[in-house]
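This is what each chain is made of:
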Amino acid sequence: MREYELMYIARPNLETAQYEALQERVTGLIARDGGELTGMEVWGKRKLAYPIKHETDGYYVILTFKGGEALVQELNRVLYITDEILRHKIFRLDVRK
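Given the structure is predicted, the values throughout are model-derived calculations rather than measurements. (Residues numbered from 1 in each chain as written. Predicted model: local features only at pLDDT ≥ 70, side-chain atom pairs only at ≥ 80, totals over all residues. Heavy atoms only, no water.)

(A) Inspection of the pattern of salt bridges at higher detail. For the structure shown, the criterion picks out 5 salt bridges. One salt bridge connects Arg11 with Glu55, and the closest N-O pair in it is separated by 3.5 Å. Residue Arg11 is found in the loop between strand 1 (2-10) and helix 1 (16-32), and its partner Glu55 is found in strand 3 (residues 55-67); the two are separated by 44 residues along the sequence. Overall, Glu55 belongs to the buried group, its relative accessible area being 16%. In this structure, the salt-bridge partner of Glu84 is Arg25, at a minimum N-O distance of 3.1 Å. Here Arg25 lies in helix 1 and Glu84 lies in the loop between helix 2 (69-81) and strand 4 (85-92), a separation of 59 residues in the sequence. Residues participating in the shared-partner salt-bridge network are Arg32, Asp33, Glu74 and Arg77. (Salt bridge = Lys/Arg side-chain N within 4 Å of Asp/Glu carboxyl O. Helix = DSSP H or I, 4+ residues; strand = E, 2+ residues; numbered from the N terminus. Buried < 20%, exposed > 50% of the residue type's maximum accessible area, 1.4 Å probe, protein only.)

Set out below in structure tokens:
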């Protein structure tokens, strides 16, 4: 299993319960598909560098997890069609220096 980092930006106008439900849905998807969550960092609401979907602010969350290629493909698919997500990106963490 490789280690990955997922960063997503959620819409800034959601309620606190909706942010928590979104985080639960993403972490549940990682666990369901055989991945292992290794870390979560919530940056909260921040100003975007440029407007995305007519929004100037976003709610940033960074997750690190271990998983396979199928998990990454499924995460990309689900996050792409989730309305609460403005943007997401998955990076493979390289252990080589």
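(B) The arrangement of the side chain of Thr64 in detail. Positionally, Thr64 belongs in strand 3. With relative accessibility at 18%, the residue Thr64 sits in the buried group. Among residues more than four places away in sequence, those in contact with Thr64 are Glu3, Tyr4, Glu5, Glu36, Leu37, Thr38, Gly39 and Leu93. (Contact = heavy atoms within 4.5 Å.)

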